[in-house]
Amino acid sequence: MDRLSGMEGPDWMGGQRIDQAARACEMLGVCRIRGAHADIDDLTMQQWDEAGVVGMDAVSQGPEGIYRILEDIVRETTIEKRWGGAPSALGRIYDWLQLKKSKQDPGPIQDVVRNFVVDHMPIEPGTVLFGGTVLKRKRHTVATLSKVSRLHQITLNRALVITGLLADGKVFRRKDL
């Protein structure tokens, strides 16, 4: 509203077009309120407005606020659907930014979401994600870490469980692989 009135808005939002900022707010809000895989085609104007308010609260705080809302979305999705990577965890947000069906430039939200995904999920270097190439892996699965470390997956898994580095603490057995 400040920008429409000719005033300054939140810094992060000021570096993009109003339509880009509004769409980022709506998409983040919809996925937070209705789930990552919400059916967005049937939303009413009131539901879009509610989503925009929730998203605006996060987006107006810049990348930190966006990370927090993405963490909430991913947490809820992984509770419902277990783990299936970035497309499963981010649902409509992933589709919007990766598939770009609308041909509209989503703006700087794609860089923030790409950084979030690379920081939180095992993404292979060289992967093209939201219009940019991932240069460095920051997260591993037991399988990918086993490959680069040349340790057997069971040995690596046990070491990670014993040291407390594996989140769920489940020890693999040969039958699990």
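All values derive from a computational prediction rather than experimental measurement. (Residues numbered from 1 in each chain as written. Predicted model: local features only at pLDDT ≥ 70, side-chain atom pairs only at ≥ 80, totals over all residues. Heavy atoms only, no water.)

Participant: How should I be thinking about the overall build of the protein chain in this particular structure?
Facilitator: Of regular secondary structure, the protein chain possesses nine helices and two strands. Counting from the amino terminus, the protein chain carries its helices and strands in the arrangement α-α-α-α-α-α-α-β-β-α-α. Split into buried and exposed, the 177 residues of the protein chain put 37% on the buried side. Residue pairs in contact within the protein chain that sit at least 24 positions apart in sequence constitute 45% of those at least 6 positions apart. (Helix = DSSP H or I, 4+ residues; strand = E, 2+ residues; numbered from the N terminus. Buried < 20%, exposed > 50% of the residue type's maximum accessible area, 1.4 Å probe, protein only. Contact = heavy atoms within 4.5 Å.)

Participant: Sorry if this is basic, but what is going on with the nonpolar core here?
Facilitator: Note that soluble globular proteins tend to have their nonpolar side chains buried in a common cluster. Counting 41 residues, the largest nonpolar core has Leu 90, Ile 93, Ile 109, Val 113, Val 117 and Met 121 as the members making the most contacts within it. Elements represented by at least two residues in this core include exactly helix 1 (11-14), helix 2 (18-34), helix 3 (45-59), helix 4 (63-81), helix 5 (86-90), helix 6 (92-99) and helix 7 (109-120). Ranked by residue count, the leading element in this core is helix 2, at seven residues. Residues contacting Ile 93, with those up to four places away along its chain left out, are Met 27, Leu 28, Cys 31, Leu 70, Ile 73 and Val 113. (Core = buried A, V, L, I, M, F, W, Y, C linked by side-chain atoms within 4.5 Å.)

Participant: Explain the confidence of the model for the protein chain here, please?
Facilitator: Low-pLDDT portions of the prediction should not be read for the details of their coordinates. Looking at the protein chain as a whole, the pLDDT averages 84, with 84% of positions reaching at least 70. At the low end of the mean pLDDT range in the protein chain sits helix 1, at 71; at the high end sits helix 3, at 95. (pLDDT = per-residue confidence, 0-100.)

Participant: Which parts of the structure should I look at to understand helix 9 (residues 153-162)?
Facilitator: Listed as buried for helix 9 are Ile 154, Leu 156, Asn 157 and Leu 160. Taken end-on, helix 9 shows its buried residues confined to a sector of 160 degrees, consistent with a single buried face. Those residues of helix 9 that are buried are in contact with helix 8 (142-149). The first or second residue beyond helix 9 is Gly 164, which carries a positive phi of 80 degrees. (Arc of directions from axis to C-beta.)

Participant: Is there a simple way to think about unusual backbone geometry in this case?
Facilitator: Glycine aside, residues mostly have negative phi angles, and peptide bonds mostly take the trans form. We note that Phe 130 has phi near 55 degrees; this positive angle belongs to a residue other than glycine. With respect to the element layout, Phe 130 can be found in the loop between strand 1 (128-129) and strand 2 (132-133). Exposure remark for Phe 130: the relative accessible area of 0% places this residue in the buried category.

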